Amino acid sequence: MSDKSSKNWQEQTRLVHGGVLRSQYGETSEAIYMNSGFCYENAEVAESRFNGEAPGFVYSRYSNPNLAMLESRLAELEGAEACNVMASGMAAVFAAIMCQVKAGDRVVAGRALFSSCNYILTQILPRFGVEVILVESADDAGWQAALSKPTACVFIETPSNPILEIIDIRRVAELTHKAGGRLIVDNVFATPLLQKPLELGADIVVYSTTKHMDGQGRCLGGAVLGDAKFINEVLLPFHRHTGPALSPFNAWVMNKALETFPLRAERHFDNGEKIAEFLNAQTAKVKRVLYPGLKNHPQHTLAMSQQKRGGALVTFELEGGKESAFHFMNALELVVISNNLGDARTLIAHPATTTHASLGAEGRTEAGITDGMLRISVGIEAAEDIISDLSRALAKT
Ligand SMILES: Cc1ncc(COP(=O)(O)O)c(C=O)c1O
């Protein structure tokens, strides 16, 4: 097998050629290695693979050629030393945190979080004796106070799901390092094409590759990226023995999807900007639009200092609460009602009753999620068609 990777290529080239492991058959497109185990010519080879003296695969819960190809391609895209892929974004988030904390540790996190990340932090970690402190995104004094004591790790999502709040990655990285911890950034909303948290001082980046990386709503997947020491010595032992392994088939799908990722993403981001501008102009029915690329976003300047563009997620609030929000969703003909995001299709979700229902009314108020709020994951259709569907539904609402 040959490993094709080069640090000198441009991003788009690395996403087509990076990390290819070509077999003796010389296939152009990567083969699928749909096997759980591997065999060895003799007992000595098995021993040397297990004790790490010889390179090679031993078991697909540990690694597999398809997983290894996806990991190299993602690491090249992120500019990270190492990557470890997992069965879902949540498996990646959970492993990235759990592999490095123990009872008695402190963990600090942004309050604006995807609900499952919130669940891990507020419901699971405290059961194991880990103290968790949540801080408001823009509260610098709050970050300083929370990180004035030794802290094992910090977890942030920026822009956050669903209200698109921004956290200053450089600042939180500086405070995290002073507190002796590692900063983990969930970079799902920005994608590595818009924001590179490691360049801004973060230590670890996590993804749900289910979203824009697959981009066609087919497979679940997740990834953790960071320096080789953390990935190999801290994360891998946790991953290998707890088993959140990604299917080789899903890894193959994601690896192929990365070849067209920048092309698709450009359309997503162009459409995101157009939809945000359209909604922002509908002042009679739309109370406010939350989109980091709009000048009226309260953290627009900070957002543009760490991410290249606004992105493909647009959140907005309708006058009239849940009733108007449901009316609007039900009047749509093109835009699909779905809690997923990062699909080729434009999707709309009502976070209060779906993705963030588990927070409860009080939790949602704290997280700034209202009943009239809708989140659009803007797809790659013709922007004019998305806008006319939104416009027709608004007229009926
Ligand atoms: C910001 C964020 N992080 C993590 C996840 C979890 O990803 P997955 O559904 O692949 O487990 C999601 C899913 O919506 C998300 O929006």
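Residues numbered from 1 in each chain as written. Predicted model: local features only at pLDDT ≥ 70, side-chain atom pairs only at ≥ 80, totals over all residues.

## Description of the domain arrangement of the chain
Going by this rule: Residue ranges for the domains trace back to a domain assignment, done automatically or taken from a database. Here, residue contact means that the backbone-derived C-beta atoms of the two residues sit within 7 Å. Helix and strand assignments follow DSSP, with helices taken as H or I runs no shorter than four residues and strands as E runs no shorter than two, numbered in order from the N terminus. For this classification, the nonpolar set comprises Ala, Val, Leu, Ile, Met, Phe, Trp, Tyr, Cys and Pro, the charged set comprises Asp, Glu, Lys and Arg, and every other residue, Gly included, is treated as polar.
Split into domains, the chain comes out as domain 1 (14-259) and domain 2 (261-396). Computed over C-alpha atoms only, the centres of domain 1 and domain 2 are separated by 27 Å. Each partner contributes residues to the interface: domain 1 has 30 residues there, and domain 2 has 35 residues. Among the elements of the structure, α5 (115-124), α8 (191-194) and α10 (248-259) are those that each provide at least two residues to the side of domain 1 that touches domain 2. Per-class residue counts for the side of domain 1 that touches domain 2 are 18 nonpolar, 8 polar and 4 charged.

## Topic: the packing of helix α4 (residues 89-98) against α5
To keep things clear, this is the line we draw: A fitted line through C-alpha atoms serves as each axis, taken over the contacting stretch for helices, and the angle formed by two N-to-C directions is quoted from 0 to 180°. What sets the label is the angle itself: under 35 degrees gives roughly parallel, over 145 gives roughly antiparallel, 65 to 115 gives roughly perpendicular, and the rest give oblique. By convention the crossing between two helices is left-handed if the near helix lies anticlockwise of the far one by an angle smaller than a right angle, and right-handed if it lies clockwise.
One can describe the packing of α4 onto α5 by two numbers: an axis separation of 10 Å at closest approach and a directional angle of 30 degrees. One way to sum up the angle between α4 and α5 is to call them roughly parallel. The hand of the α4/α5 crossing is right-handed. Each of Met90, Val93, Phe94 and Ile97 in α4 lies in contact with α5, whose residues at this interface are Ser116, Cys117 and Ile120. Grouping the constituent residues of the contact of α4 with α5 by class yields 6 nonpolar, 1 polar and no charged.

## Some remarks on the sheet that holds strand β11 (residues 313-318)
Stated formally: DSSP calls a pair of strands paired once it identifies at least 2 bridges connecting them.
Read across the sheet, 5 strands follow the order β10-β11-β14-β13-β12 without closing on themselves; strand pairing throughout is mixed. The open sheet has two free edges, formed respectively by β10 (286-290) and β12 (336-337), since each of these has just one partner strand. Here β12 runs beside strand β13 (residues 347-349); their pairing, made up of 2 bridges, is parallel. Among the inter-strand pairings, Val336 is bridged to a residue of β13, identified as Leu347. Its contacts with the sheet put helix α13 (residues 321-331) on β11, β12, β13 and β14 (373-377), and the angle it makes with β11 is roughly 125 degrees.

## Thoughts on the sheet that holds strand β3 (residues 82-86)
Taken together, the 7 strands give an open sheet; going across it, the order is β3-β9-β8-β7-β6-β4-β5, and neighbouring strands pair in mixed fashion. A single partner strand is all that each edge strand has here, and the edge strands are β3 and β5 (131-135). Neighbouring strand axes in the sheet, compared pairwise and without regard to direction, differ in orientation by 20 degrees on average. Pairing analysis gives 4 bridges linking strand β8 (residues 204-208) to strand β9 (residues 222-226), with the strands arranged antiparallel. Note on β9: the bridge partner recorded for Val205 is Leu225.

## Topic: the site of the ligand
Rules: We call a residue near a molecule or strand if the C-beta atom, set from the backbone, is within 6 Å of it.
Near the ligand, the surroundings consist of 15 residues, among which Ser88, Gly89, Met90, Ser208 and Thr210 are the closest. Elements supplying a minimum of two residues to the shell around the ligand: α4 and α5. It is α4 that provides the largest number of residues to the shell around the ligand, a total of 3 residues.

## Side note on the environment of Phe155
Going by this rule: For the exposure call, what matters is how many other C-beta atoms sit within 10 Å of a residue's own: 20 or more marks it buried, 12 or fewer exposed, and in between partly exposed, using C-beta atoms placed from the backbone.
Residue position: Phe155 is located in strand β6 (residues 153-157). When the 25 C-beta atoms within 10 Å are taken as the criterion, Phe155 is described as buried. As a C-alpha pair, Phe155 and Ile167 span 12 residues in sequence and 11 Å in three-dimensional space. Among all residues touching Phe155, those that are not within four sequence positions of it are Ile97, Val107, Ala109, Leu121 and Ile184.

## Notes on α4
Burial within α4 is extensive, with 9 of its 10 residues counted as buried. Taken together, the buried positions of α4 are occupied by Gly89, Met90, Ala91, Ala92, Val93, Phe94, Ala95, Ala96 and Ile97.

## Re the pairing of β6
Most of β6 is tucked away, with 5 of its 5 residues classed as buried. What you see with β6 is no split at all: Cys153, Phe155 and Glu157 on one side and Val154 and Ile156 on the other are buried throughout. The sheet contact formed by strand β4 (residues 106-110) and β6 spans 3 bridges and is parallel. Considered in β6, the bridge of Val108 is made with Val154.

## Points about the environment of Glu319
In this structure, Glu319 sits in the loop between β11 and α13. For Glu319, a count of 12 C-beta atoms within 10 Å gives the class exposed. Along the chain, Glu319 and Thr397 lie 78 residues apart, while their C-alpha atoms are 9.7 Å from each other. Apart from the residues lying within four places of it in its own chain, the contact partners of Glu319 are Lys285, Lys287, Ser324 and Gly372.

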